[in-house]
Amino acid sequence: MSLETNSPGTAMPSAKRVWWAALVVLPLVFVGLSLLGWAGPASVLALIFVAVVLLPLGAKFLTVADRYAVLNAVREGFAKLKSIDIVVLPKTGTLTAGKHSVVGVHSFSAEVSADQLLEIAAAVERESEHSIGRAIVAAAETKGLAGLPAARDLRAIPGVGVTAMLDGKAITIGGPSLLTARNLTLTVDQLLLVNDENSLGRTVGYLIRDNELLGCISTADAVNEHAEETVASVQSLGKKVVLLSADAQGVVEWLGKELGLDQAVGEVLPHQRGEFFGRLQADGKKVAVVGNEFAPEPEGVEQVAVSLEELDSIIVRGRQFKAKLWQNRVASAVLVLAGVPMAMQGFAGAESTFTLIYGGVLISLSSAFAAVQVRSMKR
């Protein structure tokens, strides 16, 4: 019996088919043997052995994998992964842990200190669920700078940041695309500061009051501890790994070098993703994404895993499944090829009926081996 028959969703119907087939096939086999003059005691014993021992054993092992639906997910995920050419990964929460911390507050205005800048940002981000917003609020609370009331009318701007009203003024916090949208530029010193932060892998968020740039806040996010190994595993399958993010290009380039990615592209807003994926799909390339950040995926792009951890599990366990599948094929072939001739001697009326029993045992061991393989994959 091969592991290929032990796929969840088909195990129970397969077991039922075995029994229904037995009810029809066994009498027909006995009639056929009788017509050939082989319906002696040995053939009767053979039929009884098959009916009583082999069929129950086979049906039982056919249903073993029904309890381990994860095997089917691994098999399908590994097959899907092997059929694609490019894997696109988001940054925050996938390649990174998604747990930001404030590492720098820089005021660009003589009227607003760094502490005041952090306090204003915390008032805006107090109701935010984004990891950067939570980090800003936590930093302000640690320094005792959470005295301002929460800003009103908080709204998210997809791919840009958030905006809210505070003391009658519009406060907007966002990344580099915010400066482009507001047609604001940095001075040489400010640009050098931001480039230095980006080169360290830090995300820089700008704070604007009405249309005045007050300063920026730098946050750091730890790299996912499984990221480098998983990226290497995907690349070992011959796949290209690409990072896509709305963060600054300098930040994604730093992360790309840290993890050995094939390509790292930053400052891509949600409405620009379709064009980006279209370029990746040139020349018939098949593209897949990890996670839900790019949902809904553009046409022709599918999700291969919901997280980096699941992707790693698919690769590791998929390889195990493939190896065990071949082990099962070889072992089953050896046991069946050794057992069938012995069992046939029993059908032919060999002197010792033990020959039949030994053959049947060898055949049933192939089923037992398959069950052990399936059970070991659960670990």
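In this text the structure is predicted, and so the values were computed from the model without any measurement. (Residues numbered from 1 in each chain as written. Predicted model: local features only at pLDDT ≥ 70, side-chain atom pairs only at ≥ 80, totals over all residues. Heavy atoms only, no water.)

1. Section: the environment of Lys240
By the secondary structure assignment, Lys240 is in strand β8 (residues 240-244). In this structure the C-alpha to C-alpha distance between Lys240 and Val88, which are 152 residues apart in sequence, comes to 8.5 Å. For Lys240, the residues in contact, after removing those within four places along its chain, are Asp85, Ile86, Val87, Asp262 and Gln263. Here Gln263 takes part through its side chain, which lies 3.5 Å from a polar atom of the side chain of Lys240. (Helix = DSSP H or I, 4+ residues; strand = E, 2+ residues; numbered from the N terminus. Contact = heavy atoms within 4.5 Å. Polar contact = N/O pair within 3.5 Å; in protein donor to acceptor, adjacent residues only side chain to side chain.)

2. Describing the sheet that holds strand β3 (residues 152-157)
Pairing is antiparallel in the open sheet, where six strands are placed in the order β2-β7-β6-β5-β4-β3. The sheet is open, and its two edges are formed by β2 (96-107) and β3, each paired on a single side. The sheet shows a mean angle of 20 degrees between the axes of neighbouring strands, direction not considered. Both β3 and strand β4 (residues 161-166) contribute to a ladder of four bridges, which runs antiparallel. Bridge pairing in β4 links Arg152 to Met165. The strands touched by helix α5 (residues 114-125) within the sheet are β2, β3, β4, β5 (169-174), β6 (203-209) and β7 (212-223), with β7 carrying the most contacts at an inclination of about 75 degrees. (Pairing = 2+ DSSP bridges. Axes fitted to C-alpha atoms, helices over the stretch in contact; angles between N-to-C directions.)

3. Some points on the sheet that holds strand β1 (residues 86-89)
Taken together, five strands build an open sheet; the order of strands is β9-β8-β1-β10-β11 and the sheet is parallel. At either margin of the open sheet sits one strand with a lone partner, and together these are β9 (263-265) and β11 (301-305). Averaged over all pairs of adjacent strands, the angle between strand axes in this sheet comes to 30 degrees, irrespective of strand direction. Pairing geometry for strand β10 (residues 287-290) and β11, over four bridges, is parallel. Following the sheet pairing, Val290 is matched in β11 by Ala305. Across the sheet, helix α10 (residues 249-259) touches β8 and β9, and the angle it forms with β9 is around 160 degrees. Along the sheet, helix α11 (residues 273-280) contacts β1, β8, β9, β10 and β11; its crossing angle with β8, the most-contacted strand, is approximately 165 degrees.

4. Things to note about α10
All of the buried residues along α10 are Val251, Val252, Leu255, Gly256 and Leu259. End-on, the buried residues of α10 take up no more than an arc of 135 degrees, which puts them together on one face. With its phi angle positive at about 70 degrees, Gly260 sits one or two positions after the end of α10. (Buried < 20%, exposed > 50% of the residue type's maximum accessible area, 1.4 Å probe, protein only. Arc of directions from axis to C-beta.)

5. Section: the side chain of Asp312
Tracing the backbone through its elements, the reader meets Asp312 in helix α12 (residues 308-347). At a separation of 3.4 Å, a polar atom in the side chain of Asp312 contacts the side chain of Thr230.

6. Examining the layout of surface pockets
A volume near 920 Å³ is recorded for the largest pocket. In terms of lining residues, the largest pocket is bounded by 33 residues, among which His130, Ile132, Gly159, Val160 and Gly161 are the most central. Where the lining of the largest pocket is concerned, the elements lending two or more residues are α4 (91-95), α6 (131-142), β3, β4, β5, α7 (176-182), β6 and β7. At four residues, the largest contribution of residues to the lining of the largest pocket is made by α6. Taken together, the residues of the lining of the largest pocket break down into 14 nonpolar, 14 polar and five charged. (1 Å grid on protein atoms, 1.4 Å probe; cavity = no way out; pocket = protein on both sides within 12 Å on 5 of 7 lines; lining within 4 Å. Points joined across faces, edges and corners; volume = space filled by probe spheres on them. Nonpolar A, V, L, I, M, F, W, Y, C, P; charged D, E, K, R; others polar.)

7. Describing the packing of aromatic side chains
Both the distance between ring centres and the angle between the ring planes are used here to describe each pair of aromatic rings. Throughout the structure, instances matching the rule amount to two aromatic pairs. With 5.8 Å between their ring centres and 75 degrees between their planes, Phe276 and Phe277 make a pair best called edge-to-face. Where Phe277 meets Phe294, the ring centres are 5.8 Å apart and the plane angle is 75 degrees; that geometry is what we call edge-to-face. Pair noted here: Phe277 is in helix α11 and Phe294 is in the loop between β10 and β11, with a separation of 17 residues, a long-range link. In this pair, the class of Phe277 matches that of Phe294, namely buried. The structure contains a cluster of three or more aromatic residues connected by ring pairs, namely Phe276, Phe277 and Phe294. (Phe/Tyr/Trp six-rings, centres within 6.5 Å; stacked < 30°, edge-to-face > 60°.)

No statement about biological role is implied by the geometric values presented.
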